[in-house]
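Now for the letters of each chain:
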Amino acid sequence: MNKIITKSHKAIQKLIFPAKCMSCGKILLEKEERYGLCHSCGKKVFIIREPVCKKCGKAIPDVSEELCSDCMKRKHIFKQAKGLYSYDGAMKEIMYRFKYQNKRCYAAYFANLASDLYADFFRVNNINAIVPVPMYEKKKKKRGYNQAEVFAKALGEKLSIPVFSDLVVRTRNTLPQKGLSDIKRQRNLQNAFNINEKMIQSNSVILVDDIFTTGATADIVSETLRGAGIKDVYCMFICVGKGL
């Protein structure tokens, strides 16, 4: 009986609040609902697939190369990263809405894609904890949510993996990383994170965030996690930018 009521409730909810394309706002067909994009807009976003950089997960043109040009120039702290979309075109506007216009519903679409692309990646690497990059508490209260945490929870629910939102704490408000040089990015994040060591229950975690560019934030948080005894820190990003 409860299952029937739940299905009826979902059907009514879908009728009143139909799923809409993240890009153009068009009501989606049932076959388009999994990834949140209509057929036309789906052609305007680039889903990252092989060949990719074996370190940061960025798409690379040459299948014979293991690392992208950025990762050839720097050493990352995290073990390996995966990305879902290239941060260009329609995805820039979609991410803006997700971050600043309360489109938290997009997280379910991102989690569906992450699950379809990387469920085996989680299994093979024994990842059993998801950690979102934290937001400074005052900033989080002003915005109303941390987009990385929203994605982490959607991903955790999809893959049945626990999410530890309070494992890493952002202790001070940093400047936006966008527009800063690589050196200034690193200085901006120095001593910006602490860890609640009592919550550590895994040797293999995945750190999630919305956008990867140079990887400065991911490296600093990964260093914090590894310093607390976590052996393997992987990363997953909704979007991957051009980096350096």
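Thresholds applied
- Residues numbered from 1 in each chain as written.
- Predicted model: local features only at pLDDT ≥ 70, side-chain atom pairs only at ≥ 80, totals over all residues.
- Heavy atoms only, no water.
- Pairing = 2+ DSSP bridges.
- Helix = DSSP H or I, 4+ residues; strand = E, 2+ residues; numbered from the N terminus.
- Axes fitted to C-alpha atoms, helices over the stretch in contact; angles between N-to-C directions.
- Contact = heavy atoms within 4.5 Å.
- Phe/Tyr/Trp six-rings, centres within 6.5 Å; stacked < 30°, edge-to-face > 60°.
- Buried < 20%, exposed > 50% of the residue type's maximum accessible area, 1.4 Å probe, protein only.
- Lys NZ or Arg CZ within 6 Å of the ring centre and 35° of its normal.

Caption draft 1: Quick peek at the sheet that holds strand 1 (residues 80–86). Pairing is parallel in the open sheet, where four strands are placed in the order 1-6-5-2. Each having just a single partner strand, strand 1 and strand 2 (130–132) make up the two edges of the open sheet. Averaged over all pairs of adjacent strands, the angle between their axes in this sheet comes to 25°, without regard to strand direction. Taken together, the eight bridges between strand 5 (residues 204–212) and strand 6 (residues 232–240) define a ladder with parallel strand orientation. Bridge pairing in strand 6 links Val208 to Met236. Of the strands in this sheet, strand 1, strand 5 and strand 6 touch helix 5 (residues 106–124), which is tilted by about 150° from strand 1.

Caption draft 2: Representation of the packing of aromatic side chains in the model. Evaluation of the coordinates by the stated rule reveals nine aromatic pairs. For the pair Tyr106 and Phe110, a centre-to-centre distance of 6.5 Å together with 75° between the ring planes defines the contact as edge-to-face. Here Phe110 and Tyr106 lie together in helix 5, a separation of four residues that amounts to about one turn. Looking at Tyr106, the relative accessible area reads 6%, which means it is buried. On the basis of an interplanar angle of 70° and a centroid distance of 6.4 Å, the ring pair of Tyr118 and Phe121 is categorised as edge-to-face. With Tyr118 and Phe121 both in helix 5, this residue pair falls three residues apart, about one helical turn. Here Tyr118 and Phe121 have matching classes, each one buried. Over the ring of Tyr87 we find Lys92, and its NZ or CZ is 5.6 Å from the ring centre.

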